[in-house]
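Chain residues, written in single-letter form:
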Amino acid sequence: MTIGGDAVPQYVSSKWKKTEALLRNRSLQNIIPKTVRFNRIQLKTMLESSGMVYIKPDTGSYGNGVMRVERKKGRYSFQAGERLRTFSTFDFLFEALRKETKSRRYLIQRGIHLLKYKGRRFDLRVMVQLNPKKAWETTGIIGRVAAPRKIVTNFHNGGKPMSATRLLGQHLNKQAMENKINSLEVLGVRTAKTLRRKFPGLRVIGLDVGMDPSLTPWILEVNTNPDPYIFRKLPDPTIFRTIQRYAKAYGRK
Ligand SMILES: Nc1ncnc2c1ncn2[C@@H]1O[C@H](COP(=O)(O)OP(=O)(O)O)[C@@H](O)[C@H]1O
Ligand SMILES: [Mg+2]
């Protein structure tokens with residue numbers, strides 16, 4: 001499909017472009033962790049201000065290439081996969097990271113100390129779709145628990161889908177849970193509307209939302225081709241059915 005000669009993409013792979021588009025909405029600005037391009041000075045500055053950051057390939061997926069970098073008691077470390085490497089100086093750290101990142105464009109994002117379940121980090125996936133009436137609707141929310149000792153929650157990196165209410169149930173009572181889920185649904189729709197202003201071809205998005213210890217939600221990334229199949233793991237089969245029905249209506253298998 002083209003408008004005015006410009007192709008209208010259905011997918012957007014650059015995390016940088018998506019973040020830029022989201023930051024145009026004031027109400028999203030304070031729930032997107034600060035994100036900058038990867039370079040030596042930015043890394044130094046971000047580690048000084050936050051202590052912990054995530055580094056990720058601009059167009060990556062499945063959690064591949066994602067690293068967690070920390071500065072603690074004057075020492076530096078980074079973790080990729082299950083491997084943790086430590087360094088006595090910033091320069092040694094940066095030299096090692098430069099080797100890991102040299103072939104692609106990377107971003108630095110302030111790290112969120114994600115809530116844990118049985119010692120494993122988790123985040124939430126919020127599925128938002130155009131419904132058959134052409135309005136944005138949040139159709140599903142599911143938790144993803146990282147494999148033990150891993151820093152990413154992606155299914156393709158050993159993450160395990162689990163009911164969001166079960167994961168948040170350790171921290172919230174029934175009423176607070178209802179409010180939290182509602183506000184995540186609203187956040188999903190707001191995010192979709194904002195992103196679609198810049199990318200009108202979008203029909204579906206999946207937000208990766210991290211929860212910090214105060215249960216504040218943070219948008220870690222927005223996917224434009226989110227996997228619907230993890231929602232099959234939910235005990236309520238109507239959620240996956242609705243997701244598939246909406247996808248059919250806008251022309252996705
Ligand atoms: N800023 C962050 N703070 C804490 N965890 C993060 C952060 N960014 C990413 N993660 C973790 O890494 C995973 C993968 O990062 P993400 O940005 O979603 O890239 P990908 O496109 O590979 O899925 C996230 O689902 C989350 O578990
Ligand atoms: Mg992701």
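This is a predicted model, so every value here is computed, not measured.

> Sorry if this is basic, but what is going on with empty space enclosed by the protein here?
Over the atoms a probe the size of a water molecule is rolled, and this reveals where empty space is left. Summed over all chains, the structure comprises two cavities of 30 Å³ or more. Counted as a void, the largest cavity has a volume near 330 Å³. Lining the largest cavity are 24 residues, and of these Y54, K56, V66, V152 and L220 sit closest to its centre. Those elements that provide at least two residues to the lining of the largest cavity are β4 (52–57), β8 (106–110) and β14 (217–223).

> Would you explain the packing of helix α1 (residues 15–23) against helix α6 (residues 174–198) in this entry?
Each packed pair of helices is defined by two parameters, the angle between the axes and the distance between the axes. The interhelical angle for the contact between α1 and α6, taken along N-to-C directions, is 110°, at an axis separation of 9 Å. The angle between the axes of α1 and α6 places the two elements in the roughly perpendicular class. Two packed elements cross with a definite hand, and for α1 against α6 that hand is right-handed. Each of K18, A21 and L22 in α1 lies in contact with α6, whose residues at this interface are T191, T194, L195 and K198. Of the residues in the contact of α1 with α6, the class split is three nonpolar, two polar and two charged.

> Please explain the layout of surface pockets as it appears in this structure.
Quantified by volume, the largest pocket comes out at close to 480 Å³. The wall of the largest pocket is formed by 22 residues, among which S61, Y62, N223, N225 and P226 lie closest to the centre. The set of elements that each furnish at least two residues to the lining of the largest pocket consists of α1 and β14. Looking at the lining of the largest pocket residue by residue, the classes come out as six nonpolar, nine polar and seven charged. Here the lining of the largest pocket spans two domains, since at least three of its residues come from each of domain 1 (35–110) and domain 2 (114–249).

How each quantity is defined
Residues numbered from 1 in each chain as written. Chains lettered and ligands numbered in written order. Predicted model: local features only at pLDDT ≥ 70, side-chain atom pairs only at ≥ 80, totals over all residues. Heavy atoms only, no water. 1 Å grid on protein atoms, 1.4 Å probe; cavity = no way out; pocket = protein on both sides within 12 Å on 5 of 7 lines; lining within 4 Å. Points joined across faces, edges and corners; volume = space filled by probe spheres on them. Helix = DSSP H or I, 4+ residues; strand = E, 2+ residues; numbered from the N terminus. Axes fitted to C-alpha atoms, helices over the stretch in contact; angles between N-to-C directions. Parallel < 35°, antiparallel > 145°, perpendicular 65-115°, else oblique. Left-handed = near helix turned anticlockwise from the far one by under 90°. Contact = heavy atoms within 4.5 Å. Nonpolar A, V, L, I, M, F, W, Y, C, P; charged D, E, K, R; others polar. Domains from an automatic or database assignment.

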